[in-house]
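Structure assessment
Next come the chains, spelled out residue by residue.
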Amino acid sequence: MEGKNNIRELRATIPANVKLIAVSKTQPPERVLEVYRFGQRCFGENKVQELVPKYQALPKDIEWHMIGHLQTNKVKYIAPFVSLIHSVDSLKLLQEINKQAQRYGRVIPVLLQIHIASEETKFGLSQTEVEEILKNPVIDNLNHVKISGLMGMATLTDDAAKIREEFKGLRLLSEKLKRFTVPGRIEMHELSMGMSHDYVIAIEEGSTMVRIGSAIFGERKP
Ligand SMILES: *Cc1c(COP(=O)(O)O)cnc(C)c1O
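Nothing here was measured: the structure is a model prediction, and the numbers come from that model.

Our next topic: the site of the ligand. Every residue close to the ligand is listed here: V23, K25, I67, M153, M195, S196, R211, I212, G213, S214 and R220. Interatomic distance of 2.7 Å between a side-chain N/O atom of K25 and an oxygen atom of the ligand. Measuring from an oxygen atom of the ligand, one finds a backbone N or O atom of S214 at 2.7 Å. More than half of the atoms belonging to the ligand lie within 2 Å of the grid points that define the largest pocket. Residue composition of the shell around the ligand, grouped by class: 5 nonpolar, 3 polar and 3 charged.

Along the chain, the position of S207 falls in the loop between α8 (199-204) and β8 (209-212). Within the local environment of S207, its side chain forms a polar contact with the backbone oxygen of L191, the two atoms lying 3.5 Å apart. Separated by 2.8 Å, the side chain of S207 and the backbone oxygen of M193 make a polar contact. Non-local contacts of S207, meaning those with residues more than four positions away in its chain, are made with V18, L191, M193 and A202.

A few words on the nonpolar core. I78, I85, L94 and L134 are the most contacted members of the largest nonpolar core, which has 63 residues in total. With residues up to four places along the chain from it excluded, the contact list for I78 reads V48, L51, V52, M66, L70 and I85.

The next point concerns the packing of aromatic side chains. Applying the stated rule across the entire model yields 2 aromatic pairs. A centroid spacing of 3.8 Å and a plane angle of 5° characterise the contact between Y55 and F81, whose relative ring orientation is stacked. On the criterion of sequence distance, the pair formed by Y55 in helix α3 (residues 48-57) and F81 in the loop between α4 (75-78) and β4 (84-88) is long-range, its members being 26 residues apart. F81 gets classed as buried once you look at its relative accessible area, which sits at 11%.

As a further point, take the pairing of strand β2 (residues 42-45). On β2, burial covers both faces: C42 and G44 on one face and F43 and E45 on the other are all buried. As a crossover connection, the stretch from strand β1 (residues 19-23) through helix α2 (residues 29-37) into β2 is right-handed. Of the crossover connections in this fold, the one passing from β2 over α3 to the parallel strand β3 (residues 63-66) is right-handed.

Here is what the cut-offs are and how they apply
Residues numbered from 1 in each chain as written. Predicted model: local features only at pLDDT ≥ 70, side-chain atom pairs only at ≥ 80, totals over all residues. Heavy atoms only, no water. Near = heavy atom within 4 Å. Polar contact = N/O pair within 3.5 Å; in protein donor to acceptor, adjacent residues only side chain to side chain. 1 Å grid on protein atoms, 1.4 Å probe; cavity = no way out; pocket = protein on both sides within 12 Å on 5 of 7 lines; lining within 4 Å. Sits in = over half its atoms within 2 Å of the grid points. Nonpolar A, V, L, I, M, F, W, Y, C, P; charged D, E, K, R; others polar. Helix = DSSP H or I, 4+ residues; strand = E, 2+ residues; numbered from the N terminus. Contact = heavy atoms within 4.5 Å. Core = buried A, V, L, I, M, F, W, Y, C linked by side-chain atoms within 4.5 Å. Buried < 20%, exposed > 50% of the residue type's maximum accessible area, 1.4 Å probe, protein only. Phe/Tyr/Trp six-rings, centres within 6.5 Å; stacked < 30°, edge-to-face > 60°. Right-handed = clockwise from strand over helix to strand, strands pointing away.

Right under this line is the structure:
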């Protein structure tokens with residue numbers, strides 16, 4: 001598949017109110033630039049060691065999203081420039097992002113990653129754990145992070161009904177968590193859900209951001 005043709009066709013299938021994040025992990029900067037030239041400005045990476053060199057090499061009007069598991073000791077490398085961290089799965093990580101954001105005089109928007117798949121290997125918080133974080137008085141002092149919503153990954157399956165149930169569950173959870181809203185600090189506006197094989201279902205179930213890699217860049221080599 002050719003990235004340059006795919007991005008246009010793909011964008012035509014995504015409503016204007018849903019943000020397209022082009023997942024450029026494993027792609028060299030030249031391939032990212034090809035897609036950039038077709039107007040795409042928002043890219044997602046899942047590893048700090050890939051994200052930082054691409055940020056350095058590529059145009060500065062790119063919005064970089066961190067979508068993969070993030071270790072606390074690596075937050076400092078992306079804190080100066082990252083636009084949104086989708087994968088916050090602990091209070092400790094949230095505190096570290098706050099600390100590093102403060103160093104750079106920034107407020108970093110984040111999403112809380114929720115475990116919605118039936119696979120055990122995927123990262124993310126349970127419903128109980130996310131409520132515990134939102135209830136914790138410690139977060140009242142985290143003025144350098146803004147919690148903007150939730151992220152989730154559905155089970156890798158061909159069973160569309162199962163995928164739909166999981167995405168629906170994430171949307172219902174975000175409705176439920178709206179009672180924790182603190183304007184400008186904790187909001188449940190964003191739902192990052194949907195990848196190449198399931199983004200159509202995710203959009204039908206209320207996704208506001210889709211993270212799409214292989215449908216733009218072609219299959220990744222293992
Ligand atoms: C790789 C990845 C994607 C994109 O997957 P595709 O199937 O290539 O669209 C989306 N989200 C996360 C967290 C990823 O790691």
